[in-house]
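The primary structure of each chain is shown beneath.
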Amino acid sequence: MASHGFWSLGGDNAGANTGSQSPSTPRAWCQAAAQKLSGGFGSKLCALLNVGELEKPAEPAAEQPPQTAAGSCGCNKSCTCTKGTDVGFSDLYSTDLLPAMDGDTKTMTFLQEVVDILLAYIVESFDRETKVIDFHYPNELLQLNNWELQDEPATLDDILISCRATLKYAIKTAHPRYFNQLSTGLDMVGLAADWLTSTANTNMFTYEVAPVFVLLEYVSLKKMREIIGWSDGRGDGIFSPGGAISNMYAMLLARFKMFPEVKEKGMSSVPRLAAFTSEHSHFSIKKGAAALGIGTESVICIKADECGKMIPADLERRILEAKQKGFVPFFVSATAGTTVYGAFDPLIAISDICRKYNIWFHVD
């Protein structure tokens, strides 16, 4: 039986109570969610999605919880739950939230509103009937929304409005029709991990500050080293914020490996260096050379074939040519998936050349 995709959640059971509604529609999904999710969350989610008021089922569901008074949590016992508490945000500010005195109720209610906005956006993103992006030109967006930084602080209500506007004009990367060469889709476990790490709000410079995260980094890097073939995952490694800085790190390591004195004495202590990379390589190779004081003119671009792969013969020719001019070849950067062609340079052949001339071999 063909799947109805995201909206099929609860669709089989919802069909009995939705009349002519298809279980693959947002309306039918919300009807199922309203019956299955406690605390009226399904109804609130549907309201946020603007799919219309829910129709009452033909027959009431068994053991419906009794109606509770406004402002109560619905747990049928005396407690201090904040659920259902009516809190207005138009006259509240960030200073009213935790760690402010008596800020727990306001904080939980505010964060629940934010979560409702986020969950509604997630559900909408998977709806094939929605647009991938509600595109507007920059000047139009600035006119539609007051995003100028003001001297006075924004209220929590203003912040919620900004949250909705941000997602309204955002590109729905989870949309079934969103495609990009660098990113696509939305992984729910990864999203939960992002929420968790943001809530923990910690740095990872020592084990004492972030014990679990440091251990997770250790075991993840060890597994990655095992995957690439290092015995028992031995070695070392770090996670970096992006490819550009990773390429610069590699160039930094290659220079230190060949000339460790550069750390204390600087570039004046080393000869004129030469780095080699494909003419189709990422621009960050030259940026790294500029940042490290090596100079962009010291980055020699190697010819690529009709498929976008570096030509090993041209690499060896340019290495010999650089040595004759007094340069010291110290770094070769190959690419495993170029930006334009998606080409993989011939890594084995390049590795043999680097070993022959004792040059650091980096794969981007």
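Residues numbered from 1 in each chain as written. Predicted model: local features only at pLDDT ≥ 70, side-chain atom pairs only at ≥ 80, totals over all residues. Heavy atoms only, no water.

*Asks:* Would you take a moment to explain the pairing of strand β1 (residues 273-278) for this structure?
*Replies:* Strand residues, when the strand is regular, have side chains that alternate between the two faces of the sheet. Counted residue by residue, β1 has six buried out of six residues, so it is predominantly covered. Taking every second residue as pointing to the same face, both faces of β1 are buried, with L273, A275 and T277 on one and A274, F276 and S278 on the other. Where β1 lies against strand β3 (residues 328-334), five bridges are found, and the strand directions are parallel. Counterpart to L273 in the pairing with β3 is V328. Two elements, β1 and strand β2 (residues 299-302), share four bridges in a ladder whose sense is parallel. Among the inter-strand pairings, T277 is bridged to a residue of β2, identified as C301. Note that the unit made of β1, helix α11 (residues 284-291) and β2 has a crossover that is right-handed. (Buried < 20%, exposed > 50% of the residue type's maximum accessible area, 1.4 Å probe, protein only. Helix = DSSP H or I, 4+ residues; strand = E, 2+ residues; numbered from the N terminus. Pairing = 2+ DSSP bridges. Right-handed = clockwise from strand over helix to strand, strands pointing away.)

*Asks:* Please explain the packing of helix α9 (residues 243-258) against α11 as it appears in this structure.
*Replies:* Each pair of packed helices can be described by the angle between their axes along with the distance between the axes. Viewed as axis vectors pointing N to C, α9 and α11 meet at an angle of 55°, and their least axial separation amounts to 9 Å. Classified by the angle between their axes, α9 and α11 sit oblique to one another. At the point where α9 passes α11, the crossing takes the right-handed sense. Where α9 approaches α11, its residues G243, A244, N247, M248 and M251 are matched on the opposing element by S284, I285, G288, A289 and A291. Considering only residue class, the contact of α9 with α11 consists of six nonpolar, four polar and no charged. (Axes fitted to C-alpha atoms, helices over the stretch in contact; angles between N-to-C directions. Parallel < 35°, antiparallel > 145°, perpendicular 65-115°, else oblique. Left-handed = near helix turned anticlockwise from the far one by under 90°. Contact = heavy atoms within 4.5 Å. Nonpolar A, V, L, I, M, F, W, Y, C, P; charged D, E, K, R; others polar.)

*Asks:* I would appreciate a short explanation of the packing of helix α4 (residues 104-125) against helix α6 (residues 156-168) in the present structure.
*Replies:* Put simply, α4 and α6 touch, their axes get as near as 10 Å, and they point 10° apart. Judged on the interaxial angle alone, α6 and α4 are roughly parallel. Packed against α4, whose contacting residues are F110, E113, V114, I117, L118 and Y121, the element α6 presents L156, I159, L160, C163, R164 and L167 at the interface. Of the residues in the contact of α4 with α6, the class split is ten nonpolar, no polar and two charged.

*Asks:* Would you mind going over the sheet that holds strand β4 (residues 360-363) with me for this structure?
*Replies:* Paired through their backbone hydrogen bonds, the strands of a sheet run either parallel or antiparallel. The strand order across the open sheet built from four strands is β2-β1-β3-β4, with neighbouring strands paired in parallel fashion. Because the sheet does not close on itself, it has two edges, and the strands there are β2 and β4. Ignoring which end each strand starts from, the neighbouring axes of this sheet average 25° apart. Direction of pairing for β3 relative to β4: parallel, over a ladder of four bridges. Its bridge partner lying in β4, F331 is registered against W360.

*Asks:* What is the right way to read the environment of V87 from this model?
*Replies:* Take V87: it is sitting in the loop between α3 (41-49) and α4. Since its relative accessible area comes to 18%, V87 is described here as buried. A C-alpha to C-alpha distance of 8.3 Å links V87 and F110, two positions 23 residues apart in sequence.

*Asks:* I would appreciate a short explanation of α11 in the present structure.
*Replies:* Residues of α11 that are buried: S284, I285, G288 and A289. Axial view of α11: buried residues confined to an arc of 145°, hence all on one face. Relative to its buried face, α11 has exposed residues pointing more than 90 degrees away, namely K287 and A291. Buried residues along α11 sit against α9, β1, β2 and β3. Directly beyond the C-terminal end of α11, a positive phi value near 80° is found at G293. (Arc of directions from axis to C-beta.)

*Asks:* Help me understand the pattern of salt bridges, please; the structure alone is not making it clear to me.
*Replies:* Between side chains of opposite charge, pairing is possible as soon as their charged atoms come close. By the definition in use, this model includes eleven salt bridges. Among the ionic pairs, R234 bridges to D232, the shortest N-O distance being 3.6 Å. With relative accessibility at 58%, the residue R234 sits in the exposed group. The partner of E321 in a salt bridge is K325, and the shortest N-O contact between them spans 3.9 Å. Connected through shared salt-bridge partners, D314, R317, R318, E321 and K325 make up one network. (Salt bridge = Lys/Arg side-chain N within 4 Å of Asp/Glu carboxyl O.)

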